[in-house]
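In case you want the letters, here they are:
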Amino acid sequence: MEPETKAKMIRHARVSDGRLVQDAMFDSAEAPAEQRQSDTSELGYGLGINTWVQLGERFYSHSGLINGFTSYFLHAPRT
């Protein structure tokens, strides 16, 4: 995979006013507490890849669902 392609896959998506998608979704005071926890940062969604840092560790994930089947991929490069 080309480095530019990988960068696009994990670059955080933004809404039209420039805010990151997760900020637009979870800025509300009504957001559940688990979505506002301070140990998670850099939460984002690129071209199909979720990315975040939690307790100092970076994670990448993707999930899918079709016809009664589900899948979940999680990668923690450091560990």
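Here the structure is shown first, and the text comes after it.
Worth saying up front: this structure is predicted, and the values here are computed from it rather than measured.

1. Considerations on the overall build of the chain
Thought 1: A count of helices and strands for the chain gives two helices and four strands.
Thought 2: Across the chain, helices and strands are ordered from the amino to the carboxyl terminus as α-α-β-β-β-β.
Thought 3: Among the 79 residues that make up the chain, the fraction classed as buried is 20%.

2. Regarding the packing of aromatic side chains
Thought 1: Under the defined criterion, the tally for this structure stands at one aromatic pair.
Thought 2: Here Trp-52 and Phe-59 contribute two aromatic rings whose centre-to-centre distance is 5.4 Å and whose plane-to-plane angle is 20°, an arrangement assigned as stacked.
Thought 3: Overall, Trp-52 belongs to the buried group, its relative accessible area being 14%.

3. What to know about unusual backbone geometry
Thought 1: Even without being a glycine, Leu-55 presents a positive backbone phi close to 50°.
Thought 2: Relative to the helices and strands, Leu-55 is located in the loop between β2 (50-54) and β3 (57-66).
Thought 3: Overall, Leu-55 belongs to the exposed group, its relative accessible area being 68%.
Thought 4: One non-glycine residue, Asn-67, adopts positive backbone phi at about 40°.
Thought 5: Here Asn-67 falls in the exposed class, since its relative accessible area comes to 70%.

4. Structural notes on the environment of Ser-63
Thought 1: When you line up the elements, Ser-63 lands in strand β3.
Thought 2: For Ser-63 and Leu-74, which are 11 residues apart along the polypeptide, the C-alpha to C-alpha distance reads 8.7 Å.
Thought 3: Among residues more than four places away in sequence, those in contact with Ser-63 are Ser-71 and Tyr-72.

Quick notes on the rules
Residues numbered from 1 in each chain as written. Predicted model: local features only at pLDDT ≥ 70, side-chain atom pairs only at ≥ 80, totals over all residues. Heavy atoms only, no water. Helix = DSSP H or I, 4+ residues; strand = E, 2+ residues; numbered from the N terminus. Buried < 20%, exposed > 50% of the residue type's maximum accessible area, 1.4 Å probe, protein only. Phe/Tyr/Trp six-rings, centres within 6.5 Å; stacked < 30°, edge-to-face > 60°. Contact = heavy atoms within 4.5 Å.

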